Structure formats: structure tokens, C-alpha cells
Amino acid sequence: MTSVAVKHYPMRIGGADVDSERRMTIVDPGTGETVATVAQGGSAEVDSAVAAAKSTFDAGVWRLKTPQERATVMRQITAAANAVADELVELEMCANGATVRQATGFHIGYALTHFNYFADLAETYAWQRPAPISSFPALGQPVVHREPIGVVGAIAPWNFPLLLTLWKVGPALAAGNSVVVKPDEHTPLSILEFARIAEANGLPPGVLNVVPGDGPEAGARLASHPDVGKIAFTGSTAVGREIMRLASGTVKQVTLELGGKGPSIVLDDADLDMAADGMLYGCFVYSGQVCESGTRALVPADRHDAFVDRLVRRARTIQLGPTRDWDTDMGPVIDGRQQRRILEYIQGAVAEGAQIVLGGEALPQPGFWVSPTILTGVHNDMRIAREEVFGPVLVVIPYTDDDDAVAIANDSEYGLAASIWSGNNARALELAERIQAGSVWINDAHQINCQVPFGGYKQSGLGRELGPDALDAYTEVKTVHLDLSGGRDAKPYDILLSHAY
Ligand code: NAD
């Protein structure tokens, strides 16, 4: 696979390429080299993208297609995108530093599979659900309609740019909405290309618009725009709070997928080989830059040292290397700012009494690299155990018994995902009931499945993405009541109009 030559990418608004004098630079995190430039949009470009989206919505070019017609177009788009999947992989990994193994399977493979799932949902979704006939105060038939909202704004992070954007664009389009995407500053390339593919394969121009730009300007304008009816956001909890505040001005519907500090609990009856590998997989995939990573390893106190030895021994086998090399296990972190932030978290933990038993360093080479890091001597009240590091850092926290494990797991402002490793399904299921998290994986990690809901308890989010009800969050609900009473005399209007004609 060859690297992308430095190329310039315009915005995509109303089915046209739109350039700007302002430009953003896309840097390969693995090398530190500039790989592309992108037109930077601001408030004015967001306004024109929303206007384009609104006019397509009002005209009904997409909204008035049948769900089957929309599903057909979405499947055509998936097929066309799959045909150039290698190109999408390259556009994704050159900007976010994913390894080729991971970008191929998780980033692009999942993104297109999940987009296709939303096409299927368009066909099976109950767009109109008759409710029971009402007989009081008069005979009538209510029918509950689900209708598209209008213009949906999608604001995405850099870690899984296409996947997490399509988790919003997929259900929004399946439901007949028009969309404006504000990708992350680091990673607009794959969704820009996807929008072009979509338009070349049947999506009417202006239904899907992409405005790269920064968060506080372009993102904030989208989140507060009066013609945007819903805002779907994935990113940090701090920005999620701001999105909620901005959306409140026009009382928009909001879906938030935010941060996490996932506990990964190994029980004393676990298959320890699987648990150790699973915990490392759960934490270090994509250098720990996954919202639902298991970053707190909860280990029985009396097995602590032996289990840590096992974790360290296995983690030493993780090979860092060029992201395009199929033998590379782990790549860089996203940028220099994040690299410094991760190292500060590690140093801060050491200052609070933690011990580094593996890693803890930047790699002295171009790009932004942090070695897989394991810390022991960590208590759950330390900053490293409470805040999202978003890097390759696993903290090991000992616990005394199952109740203690549950208490530590739940002692977090987050509640996105958790893992439990046990040889006893009954015991693990009982613990899963007590964990405050949107996903609990027993003897597994990173189990992202488009057929089940995904999202967070507590400050990890609001609402759910994926699953059979995913379209609910992209629709308005309208109850239509049809009178079956047969005439004036059967009605309760005498409550007001007691005098005869
Ligand atoms: P971020 O919150 O800094 O940025 C996310 C997006 O918000 C970007 O597009 C950014 O431009 C935009 N933004 C920033 N400030 C804004 C503002 N004031 N108004 C409107 N938009 C604004 O997050 P990040 O660092 O890019 O991504 C990492 C975070 O995302 C982590 O906290 C991670 O846990 C979270 N995340 C969550 C999930 C999930 O599904 N729960 C998935 C992936 C990542």
C-alpha cells in the first residue's frame, strides 16, 4: 500500500466541491509528515451546508423516497465504497495513525458493514404502528407515525472517523433526513470521499454535506444552528456538555457518545491466559484511543503479582512499527499534544505513588509514539484511574472480593463499557447485572456489534447508537388519530356545546 501524495481536499456542500482560503493540514501521526490539506469551513460554510440540506429536505428528494428506495441507494453506496475500501483505509490511516490491520477490519470494514445494516433497518423499521382502537370518549384509530426530523448535524471525533460518522449518517439517511457532517480537524478525508461516493451512487446532491472545520467555530455553529433539528455527537465529555448547552437554545434532539474509563475485572476462576490477552487487547488496540477501552484492570489482590507478570510478559510482545506494515501490532497516538498529555498522566501517576512496570516512554522517532504502559500501585481515587487518558496506559487496581470489584468498577463518572473475565458464567452474569455501564462483555472486549445498542451510563453519554431501534433517535413521533365514531352524536362535545343546533 502506498502513501497518499499531498493533495488538497475541498468541502462538499450541496453536491459541489467548495474551497476556502483557510486550510487545515492533515498530518500522518506515524511519521509527522503532512499528507494532505483540507479546505477549512467556518460558520458561513456551515450555514450554507445547512441551507443546502434544508432545501433538499423541503423538496423531498430523499425524504419522499420509500424506505425500500432509500435502502437500495444505501446498498449501492456500500457496494461502491467496498470496491474502493483500500483507498478508504489509506485515507483513514494516513490521518489517524491506525495500523493497516486495524484500519482494514475495524475502521473501514465495520463502517461499511454498519452502514449497510442501517439500509436493512430502513426496510424493517415500523414507520407506522397502529395503536389499539380507542373507544372512549369516542371510537377512533390512532396510528403512530415515525417521520424524519429534517436536518441532522453530526459531529465526529478522530479515532474512528468514518465508522462513528456513519453511525449517525446511516440512521439519519435511512430515516429520510438530510445531514451536515462536521468531521474532526485531524480526520476529514475518509468521510469527504464517502460523500462523493454516495453522490455518485444515487444519493441526491445536498443530502449529505461535509464541512471540515474546527470545533469551537464550525462545530459550535452546527450545534446551535436554528435549522438543525438534531445533533449527534461523539467525542469528549467536556465537549459533549458544551454541545448540549448549544443545542438547548433551539431545543434540539441530542445524542451523545462520550468518554469512558472502562473496568476490566478478572475473577479468580478466569482462564488467565485468555483474560490477560483479552485485557491487553481491550486496552492497547489502537494505542488505547478507543472510548470503550478497558483501561482499569481490576485484579484479585491475592493473584496480583502473578497476573501482572503475565500481563507484562504478553504486552512485551506488542510490536510497534510502521502503520502500513502488516506485522505491526500497535501504531502511534494521534498528535504531539496528545502524546505530551499521556506522558504527563503517567508522570502524574508516578508522583501519586504508582509504579511503571512496563513502558511509560515516548519513542524517539518521527511521529507521535508512546510505548504500551502498565502501572501498578494504583488506587481508584488517583487521577490516572478517574480520568480518560486516551492512550496506551493500563492501570492495575487490586480488589478483595466480588463486592469490592463491583464497587471499584462503578466508582467512576463514566459508564460506557466493562469486561468481566471468569470461568463461571452464572457468577459473571450476576456481576454484569451490578455494573453501571452501557455494555458489559463477559470473557471478551471491544465487542461492537451493529445489531445491539451502544452507548453510555452516567457521563459517558446520552441515548444509544446502533441496534434495531437506532432509527428512533433520527425520527419525530407523530400520532395520527382517525375518528371512527360515525358522527356528531357519538362525540363528547356536549362537555362544551350543550345547546342544540
Ligand atoms: P473532542 O471532544 O475534542 O472532539 C470531538 C469533536 O468535537 C471534533 O469534531 C471537534 O472538532 C468537535 N468540537 C470540539 N469543540 C467543540 C465545540 N465547542 N463545539 C462543537 N464541536 C466541538 O474529542 P476527541 O479528542 O476528538 O475524541 C476523543 C474523545 O471522544 C474521547 O473522550 C473518547 O472517549 C470520545 N469517544 C467516544 C466514543 C463513544 O462512542 N462513546 C467513541 C469514540 C470517541
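These numbers come from a predicted model, not from an experiment. (Residues numbered from 1 in each chain as written. Predicted model: local features only at pLDDT ≥ 70, side-chain atom pairs only at ≥ 80, totals over all residues. Heavy atoms only, no water.)

Asker: What is the right way to read helix 13 (residues 402-410) from this model?
Answerer: Within an α-helix, residues lying three or four positions from one another point in the same direction, as the helix has 3.6 residues per turn. For helix 13, every residue scored as buried is listed here: D402, A405, V406, I408, A409 and N410. Tucked into the core, helix 13 has its buried residues touching strand 13 (262-266), strand 14 (294-300), strand 17 (393-399), helix 14 (425-434) and strand 21 (457-458). (Buried < 20%, exposed > 50% of the residue type's maximum accessible area, 1.4 Å probe, protein only. Helix = DSSP H or I, 4+ residues; strand = E, 2+ residues; numbered from the N terminus. Contact = heavy atoms within 4.5 Å.)

Asker: Can you walk me through the pairing of strand 5 (residues 34-39) in this structure?
Answerer: Each regular strand displays side chains that alternate between the two surfaces of the sheet. Strand 5 sits mainly inside the fold: 5 of its 6 residues count as buried. Bridge count between strand 4 (residues 23-27) and strand 5: 5 bridges; the pairing is antiparallel. What sits directly across from V27, in strand 5, is T34. What sits between strand 4 and strand 5 in their antiparallel hairpin is a turn of 6 residues, with G32 showing a positive phi close to 80°. (Pairing = 2+ DSSP bridges.)

Asker: Mind showing me how you'd approach the UniProt feature "domain: Aldehyde dehydrogenase" (unreviewed entry) in the protein chain here?
Answerer: As annotated by UniProt and renumbered to match this structure, "domain: Aldehyde dehydrogenase" (unreviewed entry) occupies residues 20-480. What you have in residues 20-480 is 40% helix and 20% strand, and the ends, taken at the C-alpha atoms, are 46 Å apart. (UniProt positions renumbered as here; feature names shortened; annotations may be inferred.)

Asker: Explain the packing of helix 2 (residues 67-83) against helix 6 (residues 189-200) here, please?
Answerer: Each pair of packed helices can be summarised by the angle the axes make with each other and by the distance between the axes. Between helix 2 and helix 6, the least distance of the axes is 9 Å, while the angle of their chain directions is 125°. It follows from the interaxial angle that helix 2 and helix 6 lie oblique. Between helix 2 and helix 6 the crossing geometry is right-handed. Facing I77, A80 and A81 of helix 2, the residues of helix 6 in contact are F194, I197 and A198. Per-class residue counts for the contact of helix 2 with helix 6 are 6 nonpolar, no polar and no charged. (Axes fitted to C-alpha atoms, helices over the stretch in contact; angles between N-to-C directions. Parallel < 35°, antiparallel > 145°, perpendicular 65-115°, else oblique. Left-handed = near helix turned anticlockwise from the far one by under 90°. Nonpolar A, V, L, I, M, F, W, Y, C, P; charged D, E, K, R; others polar.)

Asker: Any chance you could explain the packing of helix 9 (residues 272-284) against helix 10 (residues 304-315) here in plain terms?
Answerer: Between helix 9 and helix 10, whose axes approach to 9 Å, the crossing angle comes to 55°. The angle between the axes of helix 9 and helix 10 places the two elements in the oblique class. For the pair helix 9 and helix 10, the crossing hand works out as right-handed. Every residue of helix 10 that contacts helix 9 at L272, D273, A275, A276, D277, M279 and L280 is listed here: F307, R310, L311, R314 and A315.

Asker: Can you walk me through the environment of D271 in this structure?
Answerer: Examined against the element boundaries, D271 turns out to sit in the loop between strand 13 and helix 9. Polar side-chain contacts of D271 include one of 3.1 Å to the backbone nitrogen of D273. (Polar contact = N/O pair within 3.5 Å; in protein donor to acceptor, adjacent residues only side chain to side chain.)

Asker: Honestly, helix 2 in this entry has me stumped. Any pointers?
Answerer: If you check helix 2, its first and last C-alpha atoms are 24 Å apart, about what 17 residues at 1.5 Å a residue would give, namely 24 Å. Along helix 2, the residues classified as buried are P67, R70, A71, V73, M74, I77, T78, A80 and A81. Contacts from the buried residues of helix 2 go to helix 3 (85-96), helix 4 (100-124), helix 5 (161-174) and helix 6. (Expected span 1.5 Å × (residues − 1).)

Asker: Help me understand the sheet that holds strand 7 (residues 140-148) in this model?
Answerer: The pairing of strands in a sheet comes from backbone hydrogen bonds and takes either a parallel or an antiparallel form. Spatially, the 3 strands line up as an open sheet ordered 6-7-23, and their pairing is antiparallel. Where the open sheet ends on each side, the last strands, each with one partner, are strand 6 (128-130) and strand 23 (475-483). Pairs of neighbouring strands in the sheet enclose a mean axial angle of 20°, with direction left out of account. Across 3 bridges, strand 6 lies against strand 7 in antiparallel orientation.

Asker: What is the right way to read the packing of aromatic side chains from this model?
Answerer: Here the distance between the centres and the angle between the planes together describe a pair of aromatic rings. The final tally for this structure, using the stated rule, is 8 aromatic pairs. Summarising the aromatic geometry, the rings of Y125 and W127 are spaced 4.8 Å apart at their centres and angled 70° between planes, so their arrangement reads as edge-to-face. Residue Y125 shares its accessibility class with W127, and that shared class is buried. These aromatic residues form a ring-pair network of at least three members: W158, F160, Y286 and F390. Taking NZ or CZ as reference, R63 lies 5.0 Å from the ring centre of F57, over its face. Above the face of the Y474 ring, K230 is positioned so that its terminal group lies 4.5 Å from the ring centre. (Phe/Tyr/Trp six-rings, centres within 6.5 Å; stacked < 30°, edge-to-face > 60°. Lys NZ or Arg CZ within 6 Å of the ring centre and 35° of its normal.)

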